[in-house]
Amino acid sequence: MMLSALATLLLALIAMAPGTLFCRRLPLDTGLFAALATASLAICLMATALLSVAVHFVSGQALAAWALAPVSLVLCGIASWHTRGAGWRRPSIEWPGLAIVALFLLYGVFTYAISITDLPDGSLRVHSWYNADWFKHIGHSFALADYGIPARDIFAGGRPLNYYWLIYLLPGAGTSIGGDAWSAFYVANLILAALLWLTFYGLVRSIGVPPIIAALAVLIATLATAPAELWIVLLKWDAKTLIDGPYIPIGPSFISFQLYIPQHAFALALFLGWAGTTIRLREQPAALRLVILGGLATVMTVSTLFGGILLGTYCLFALDRRGLAALPELAILGVLAGLFVLVLGVIDLGHADAAMKSPALTNPPDPGTAWTRAYTALKFLFHGTGLAFLLSLFLAVRWRPRDEAERDGRSLAILLALVTVGATIALEFLFRPRIAQEIGIRVLNLPTVTGALVAGTYLWHARSSGRDLRGGIAISVLLVGLAIPSLALLTAWHGSPARNFTTVIPADDRTVLSELRAQSGAKDIVWQYPEKPFLSRPAGRDAWAVIFAGRTVLASERATDYPAALPDIAAAYRYFSGAPEHPPASADWVYLSRTLHPDTYDQIAAQLSADRHWKRRLCLQNACLFSRVEREATR
């Protein structure tokens, strides 16, 4: 476990180095250094992925995920050679920015600790959303370690993975070295969250706000942007009902954003790093511009739809600053971003909507009128951002910039607010409700950035002009105070043992899955009950052979090409329902679980025990593992 964690950390540090080395002639502070490190990591991930695609195209072979290390080292060498003879300027450290990072990372560590707990009987309890998004991330990290790159779908027999998989290359590389995707992804998530907070802080600093006020503005905006109707809800139900009942508490969106959806957080960090650097340095050296824009070009392979919204925001902001002179740059970046998505196979043009057909991602379309759907979108927006968004938009319009940096900050603050409103409404009309909500949750983080820019500016203006700060402080305390209960409820909810939001993996299953991990090959196929993911309706417990043993399953509703996987899923349901069939010829292992299919567990275990083609490897009271005997003879 420790090896995977240390390997992931070391790989991240190596991959963040080329960009900072390439620009080491510049006076780097905390925000600028973070922007370069974020872009550098994205560039190294993309360079490794593109190399792997080329190798696979020529030879049919996949590169190991740990190829990230030599690729990053080569880029470090190129950057060092490019800046040979230049002295090293030690980056200036701004402790308020680091304090913000430490505060929210510690919160993330605490949330993880209370959400994923070992129970006295040896079972493991995993709370939402770690049993949903986190399970998926763990599976894809194992996939990169098992199959190498380009990525394969570990939830669907190892078929090509048509998904934004670039960010999984980092924990996948750590897993390929140490074998533990849980610790590798845990460390990777902390790294990506740290980059998000640092680039966020750096953006507020870029408009001239001093370090302490910038950190305070980030804190205020993050905590204050929370559901507006929480207090009305509290009047209807007590806190225990909210924590243990069917209600899902929604806390400040930016905090939830960093906990278990790191690829989208990293996409936002790339945008914030570019925006902060652009505002701060109107005349940018070519090296700096190359690194920052190179990182931004990967944003749609990091998070396709949310990345597209961020790329559109970048275009609007660049046009506002530079007019038509920005068009060549926008065209080049747009073409590159689109090509990267296609080259990495994030979208299969022949089956672009294949993943969207999965029951895990669909629900009935809203039959309402256009006005009803627009109202639904605005209600969703207000539900997620609260009073702080309305106030920050009002203050952004009234903002009177003192210089060009503040003018850019004001433009960006208003633009982010307008993009939030426009994108939320557009998503409601363009996508199924479930998909619209998924993307909308990510878009709701943009108003937090607006709030931080506004809060930092107004607090700094008041202080620098000698005005009384008590009014601004009182408003900030009021907004944060109104929002704090939502954070408290969200935190308590993560530690709640309520069964409707938890997944429990019994001790016997954990033991059998550990045996499967130890005895099977990296690309072996496992035949297990096709349990639904947690976000399905009704909720399921997911594909445990993937998540806890890191092995490929033939049938799962998480398959990115769902129509292609449907025959295997149907066959699995028949088999584990007791139909007189045999496991498919492609299966190397059969994993049985009394928890997942209690009615047929004993029957199937007895059948396999009597079948000369299968060997009983480890059978406990509630879980059992069989391996195929003399596989070559059965072909």
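Provided above is the structure to which this section pertains.
Residues numbered from 1 in each chain as written. Predicted model: local features only at pLDDT ≥ 70, side-chain atom pairs only at ≥ 80, totals over all residues. Heavy atoms only, no water.

Caption draft 1: Local environment of the overall build of the protein. Along the protein, the regular secondary structure elements total 26 helices and 10 strands. Counting only C-alpha atoms and orienting by the principal axes, one finds that the protein spans roughly 85 × 65 × 45 Å. For the protein, buried positions account for 57% of its 635 residues. Across the protein, every contact between residues at least 6 apart in sequence was considered, and the portion connecting residues at least 24 apart equals 78%. With the model as given, the accessible surface of the protein reaches about 25,100 Å², and the carbon-plus-sulfur share is 66%. Positive and negative side-chain charges in the protein, numbering 49 and 40 respectively, have mean positions lying 7 Å apart. (Helix = DSSP H or I, 4+ residues; strand = E, 2+ residues; numbered from the N terminus. Buried < 20%, exposed > 50% of the residue type's maximum accessible area, 1.4 Å probe, protein only. Contact = heavy atoms within 4.5 Å. Areas by Shrake-Rupley, 256 points an atom, 1.4 Å probe, with all protein chains shown as cover. Lys, Arg positive; Asp, Glu negative; His and termini not counted. Charge placed at Lys NZ, Arg CZ, Asp CG, Glu CD.)

Caption draft 2: Focus on the sheet that holds strand 10 (residues 623-628). Pairing in this open sheet of 5 strands is mixed, and the strands run 7-6-8-10-9 from one edge to the other. Looking at which strands have only one partner, the edges of the open sheet turn out to be strand 7 (552-553) and strand 9 (614-619). Where strand 9 and strand 10 come together, 5 bridges link them in antiparallel fashion. Bridging from a neighbouring strand, Trp-614 pairs with Arg-628 of strand 10. Sitting on the sheet, helix 22 (residues 507-519) touches strand 6 (525-527), strand 8 (589-593), strand 9 and strand 10, and the angle it makes with strand 10 is about 20°. (Pairing = 2+ DSSP bridges. Axes fitted to C-alpha atoms, helices over the stretch in contact; angles between N-to-C directions.)

Caption draft 3: Main features of the packing of helix 1 (residues 2-22) against helix 6 (residues 169-178). Following both chains from N to C, one finds helix 1 and helix 6 inclined at 135°, their axes separated by 8 Å at the closest point. As the angle between them shows, helix 1 and helix 6 are arranged oblique. Like other packed secondary-structure pairs, helix 1 and helix 6 cross with a definite hand, here right-handed. Judged by residue contacts, Leu-3, Ser-4, Ala-7, Thr-8, Leu-11 and Ala-12 of helix 1 engage Leu-170, Pro-171, Ala-173, Gly-174, Thr-175, Ile-177 and Gly-178 from helix 6. (Parallel < 35°, antiparallel > 145°, perpendicular 65-115°, else oblique. Left-handed = near helix turned anticlockwise from the far one by under 90°.)

Caption draft 4: Fine view of the environment of Arg-373. Note on placement: Arg-373 falls in helix 17 (residues 370-398). Accessibility expressed as a relative area gives 15% for Arg-373, which makes it buried. Along the sequence, Arg-373 and Ile-425 sit 52 residues apart, while their C-alpha atoms lie 7.8 Å from each other.

Caption draft 5: Structural detail: the sheet that holds strand 2 (residues 124-127). The strand order 1-2-5 describes an open sheet built from 3 strands, whose pairing is antiparallel. If you trace the sheet from one side to the other, it starts and ends with strand 1 (116-118) and strand 5 (502-505), each paired once. Each strand of the sheet is rotated relative to its neighbour by a mean of 20°, with strand direction disregarded. In the packing of helix 4 (residues 95-115) onto the sheet, the strands contacted are strand 1 and strand 2, and the crossing angle to strand 1 comes to about 45°.

Caption draft 6: Molecular detail of the state of the cysteines. Counting across every chain of the model gives 1 disulfide. Two residues, Cys-619 and Cys-624, share a disulfide whose sulfurs are 1.4 Å apart. Judged by relative accessible area, which is 1%, Cys-624 ranks as buried. In this structure Cys-76 is a free cysteine whose sulfur lies 6.5 Å from that of Cys-44, the closest cysteine sulfur available. Of the residues examined, Cys-76 reaches a relative accessible area of 12% and is grouped as buried. (Disulfide = S-S within 2.5 Å.)

Caption draft 7: Seen up close, the environment of Thr-38. Of note, Thr-38 is situated in helix 2 (residues 30-59). Looking at Thr-38, the relative accessible area reads 0%, which means it is buried. Residues Thr-38 and Gly-273 lie 235 residues apart in sequence; the distance between their C-alpha atoms is 7.4 Å. For Thr-38, the residues in contact, after removing those within four places along its chain, are Leu-195, Thr-199, Phe-266, Ala-269 and Leu-270. Here Ala-34 takes part through its backbone oxygen, which lies 2.7 Å from a polar atom of the side chain of Thr-38. (Polar contact = N/O pair within 3.5 Å; in protein donor to acceptor, adjacent residues only side chain to side chain.)

Caption draft 8: Just the packing of aromatic side chains, in detail. Taken as a whole and judged by the stated rule, the model has 28 aromatic pairs. Where Tyr-112 meets Trp-134, the ring centres are 5.4 Å apart and the plane angle is 55°; that geometry is what we call tilted. Of the two residues, Tyr-112 is situated in helix 4 and Trp-134 in helix 5 (residues 130-147); the sequence distance between them amounts to 22 residues. The same class applies to Tyr-112 and to Trp-134, which are both buried. Among the aromatic side chains, those forming a connected cluster through ring pairs are Phe-104, Trp-197, Phe-200, Phe-254, Phe-257 and Phe-306. Above the face of the Phe-155 ring, Arg-558 is positioned so that its terminal group lies 5.8 Å from the ring centre. (Phe/Tyr/Trp six-rings, centres within 6.5 Å; stacked < 30°, edge-to-face > 60°. Lys NZ or Arg CZ within 6 Å of the ring centre and 35° of its normal.)

Caption draft 9: Broad picture of the layout of surface pockets. Here the largest pocket is characterised by a volume of approximately 940 Å³. What lines the largest pocket is a set of 31 residues, and nearest its centre among them are Trp-129, Ile-248, Ile-250, Gln-437 and Ile-441. Of all the elements in the fold, those that place two or more residues in the lining of the largest pocket are helix 11 (253-260), helix 17, helix 19 (433-443) and helix 21 (470-494). Residue composition of the lining of the largest pocket, grouped by class: 15 nonpolar, 10 polar and 6 charged. (1 Å grid on protein atoms, 1.4 Å probe; cavity = no way out; pocket = protein on both sides within 12 Å on 5 of 7 lines; lining within 4 Å. Points joined across faces, edges and corners; volume = space filled by probe spheres on them. Nonpolar A, V, L, I, M, F, W, Y, C, P; charged D, E, K, R; others polar.)

Caption draft 10: The side chain of Thr-457, seen in detail. Tracing the chain through its elements places Thr-457 in helix 20 (residues 446-464). Given a relative accessible area of 1%, Thr-457 falls into the buried group. One polar contact links the side chain of Thr-457 to the main-chain carbonyl oxygen of Leu-453, over a distance of 2.8 Å. Sequence-distant contacts of Thr-457, defined by excluding residues within four places in its chain, comprise Ile-207, Val-209, Trp-399 and Glu-406.

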